[in-house]
Amino acid sequence: MLILLIYIVIFALSFFLVRLVVDQTASGFAARKTVTFGDESAVTSNRTASVISILTIFLLWGAFTGSSLLPRFLHAPGPFEGLAELTYTAEADDGSRDDGTITVLVHPVGEDAETPQVDPGEGWAKNDAFTIGAWRSGLLRVDKNDEKGRDLGHRVVAVNGEEIAPGGEVQTEFGRVGMSPKGTLNFEPAKGWQMEPIWLPPPEAVVSRLAEISSQGYRDSTLWEHLGYSLFRVVVGFALGALVGIPLGYAMGLSGWFRGWFDPIVEFMRPVPPLALIPLVIIWAGIGEVGKIILLFLAALWIMAIAARSGVSGVNITKVHAAYSLGASKAQIMRHVIVPNSLPEIFTGARVAMGVCWGTVVAAELVAAEKGAGMMIMVASKFQLTDIVLMGIILIGIIGFGIDMLMRKAERLLVPWKGRS
């Protein structure tokens, strides 16, 4: 929630600052142009906003992971590390009380640390020393070395002068001290606002892992083989889905019989997520490449059919009447009127279908895949290798974004009449 609030604040400040500094410098007709609804040329992507958006994401990522790529003053407060000193008050059956000191060395996770040496003190409640990793918690068995142990009714009644009872807690500057129902102290060092690397590693850790896997590979395959297999499966599954879905959509848009026959099937299957089909695909096609491509084929099929049907149904009837009045045959109307006017909808559906296929490839490679970006992500997640998981997600996103850009470029070249009457 805190990260979301910071993101919203950065968005609002950037919006007003860019409008104040950048947009005020615009002049001429472009500065006074009025947005017209339905005119795509009236609203173009603001490159400044795009750059700030990307920088904001990386800034928040680095700030909340303690990244070395950012200066320290931009870091969110991190977990407590160092020596924490606490005082506890113990009471015995005879009513006597004594104070002892607890020294806790909080060390970085993954590093070995030696327990600090402390003077035991002169009272019957002896001083203690422990080690705990950052972001972790540990029991403080302070009664183990005291002269009056639990057999004499030893119990802790206060921490740093604040009374504590079983189930209670005391907040200190170093973290939280709680007491279990049996009276044992538990120390949880302050975690700060940063994310633990096992949950979210810093950007440099992901880049380092990318360089390592690029040069050494992962599970006996190079990174490019993993990405290539995923790309191959997605492209083949999408192509087959388009090859079947587009003619099906045209038939449904042109024939009442075809629409009545296939509409219930298409509308029934459209909301079913591809993940729900995995068990059936495995039963019917096995766990090999055929099953994975069939799953991606089904992910694209219904989207392409609906896009083609919508494109045909949306053709302006006046254009069809005009073509008939000029003596065009049905084949000529199909070629010169219906197909060109339905292509914008089909390209839009193709972009959506490709995105769904990329989102499904991880699930498709979940079952018995030896290569693929999805397999790499799933295997890494089992061993909590979050840096590899993030690396795979980023690479899939970049490739998917690149494919979408290529499809947009192809749409502009092949369908230049989109948005025109």
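The structure displayed is predicted, hence computed values, not measured ones.

## Details of the packing of helix 5 (residues 223–254) against helix 12 (residues 386–414)
Look at helix 5 against helix 12: their axes get within 12 Å of each other, and the N-to-C directions meet at 45°. When the interaxial angle is binned, helix 5 and helix 12 end up oblique. Relative to helix 12, the crossing made by helix 5 is right-handed. Contacts from Leu223, Leu227, Leu231 and Phe238 of helix 5 reach helix 12 at Met391, Leu395, Ile399, Ile403 and Met407. Residues belonging to the contact of helix 5 with helix 12 are distributed by class as follows: nine nonpolar, no polar and no charged.

## What to know about the packing of helix 5 against helix 6 (residues 256–269)
In helix packing, the relevant descriptors are the interaxial angle and the interaxial distance, both defined with respect to the helix axes. The interhelical angle for the contact between helix 5 and helix 6, taken along N-to-C directions, is 125°, at an axis separation of 6 Å. Between helix 5 and helix 6, the angle is such that the two are oblique. Helix-helix and strand crossings are classified by hand; for helix 5 and helix 6 the assignment is left-handed. Residue-level inspection shows Leu248, Ala251, Met252 and Leu254 of helix 5 in contact with helix 6, the latter providing Gly256, Phe258, Arg259, Phe262, Asp263 and Val266. The class makeup of the residues in the contact of helix 5 with helix 6 is seven nonpolar, one polar and two charged.

## So, the side chain of His154
Residue position: His154 is located in the loop between strand 4 (138–140) and strand 5 (155–159). Within polar-contact distance, the side chain of His154 engages the side chain of Asp146 at 2.7 Å. Filtering out sequence-adjacent residues up to four positions away, His154 remains in contact with Ala90, Glu91, Trp124, Val142, Asp143, Asp146, Lys148 and Gly149.

## A word on the sheet that holds strand 2 (residues 97–107)
Within the open sheet, the five strands sit side by side as 3-2-1-5-6. Their pairing is mixed. The open sheet terminates on both sides in strands that have one partner only, identified here as strand 3 (128–133) and strand 6 (162–163). When strand 2 meets strand 3, the two strands line up parallel, connected through six bridges. Pairing of Ile102 across the sheet is with Asp128, part of strand 3.

## Some words on the sheet that holds strand 8 (residues 175–179)
Spatially, the four strands line up as an open sheet ordered 4-9-8-7, and their pairing is antiparallel. Looking at the sheet topology across the chains shown, the edges are occupied by strand 4 and strand 7 (169–171). Adjacent strand axes in the sheet meet at a mean angle of 25°, parallel and antiparallel pairs treated alike. The pairing of strand 7 with strand 8 spans three bridges and is antiparallel.

## What to know about the pattern of salt bridges
Under the counting rule described, the total for this entry stands at 17 salt bridges. Taking the shortest distance from any N to any O, the salt bridge between Glu289 and Arg233 comes out at 2.6 Å. Here the residue Glu289 occupies a position in helix 8 (residues 289–313), and Arg233 occupies one in helix 5, the gap between them amounting to 56 residues. Looking at Glu289, the relative accessible area reads 33%, which means it is partly exposed. By relative accessible area, which is 2% here, Arg233 ends up buried. Arg351 is paired through a salt bridge with Asp404; the nearest N and O atoms lie 3.1 Å apart. One end of the pair, Arg351, is in helix 10 (residues 330–364); the other, Asp404, is in helix 12, with 53 residues separating them in the sequence.

## Digging into the pairing of strand 8
Side-chain direction in a regular strand flips from residue to residue, so the side chains alternate between the two faces of the sheet. Counting buried positions along strand 8 gives four out of five residues, so the element sits mostly inside the fold. Where strand 7 hands over to strand 8, the hairpin turn is made up of three residues, counted between the paired strands. The antiparallel hairpin formed by strand 8 and strand 9 (residues 185–189) contains five residues in its connecting segment, where Gly183 sits at a positive phi of about 95°.

## Details of unusual backbone geometry
Even without being glycine, Trp135 reaches a positive phi, approximately 70°. Mapping Trp135 onto the fold places it in the loop between strand 3 and strand 4. One non-glycine residue, Asn160, lies in positive phi territory at about 55°. Its location among the elements puts Asn160 in the loop between strand 5 and strand 6.

## Things to note about the nonpolar core
Grouped together as the largest cluster of nonpolar side chains are 46 residues, with contacts concentrated most on Phe238 and Met391. Elements with a contribution of two residues or more to this core: helix 4 (203–216), helix 5, helix 8, helix 9 (317–325), helix 10, helix 11 (373–382) and helix 12. For this core, the element with the highest residue contribution is helix 10, accounting for 10 residues. Those residues in contact with Phe238 that lie beyond four places of it in its chain are Ala300, Met304, Ala350, Ala353, Met354, Cys357 and Met407.

## Section: the UniProt feature "transmembrane region" (unreviewed entry) in the protein chain
Mapped onto this numbering, the UniProt entry annotates "transmembrane region" (unreviewed entry) at residues 49–70, 231–251, 271–287, 294–312 and 388–407. Its end C-alpha atoms 21 Å apart, residues 49–70 is made of 68% helix and 0% strand. The span residues 231–251 is 100% helix and 0% strand, and its two end C-alpha atoms sit 30 Å from each other.

## Comments concerning the environment of Gly249
With respect to the secondary-structure elements, Gly249 resides in helix 5. Residue classification places Gly249 among the buried positions, given a relative accessible area of 0%. Once residues within four sequence positions are removed from consideration, Gly249 is found in contact with Ala305, Ala308 and Arg309.

Criteria and thresholds
- Residues numbered from 1 in each chain as written.
- Predicted model: local features only at pLDDT ≥ 70, side-chain atom pairs only at ≥ 80, totals over all residues.
- Heavy atoms only, no water.
- Axes fitted to C-alpha atoms, helices over the stretch in contact; angles between N-to-C directions.
- Helix = DSSP H or I, 4+ residues; strand = E, 2+ residues; numbered from the N terminus.
- Parallel < 35°, antiparallel > 145°, perpendicular 65-115°, else oblique.
- Left-handed = near helix turned anticlockwise from the far one by under 90°.
- Contact = heavy atoms within 4.5 Å.
- Nonpolar A, V, L, I, M, F, W, Y, C, P; charged D, E, K, R; others polar.
- Polar contact = N/O pair within 3.5 Å; in protein donor to acceptor, adjacent residues only side chain to side chain.
- Pairing = 2+ DSSP bridges.
- Salt bridge = Lys/Arg side-chain N within 4 Å of Asp/Glu carboxyl O.
- Buried < 20%, exposed > 50% of the residue type's maximum accessible area, 1.4 Å probe, protein only.
- Core = buried A, V, L, I, M, F, W, Y, C linked by side-chain atoms within 4.5 Å.
- UniProt positions renumbered as here; feature names shortened; annotations may be inferred.

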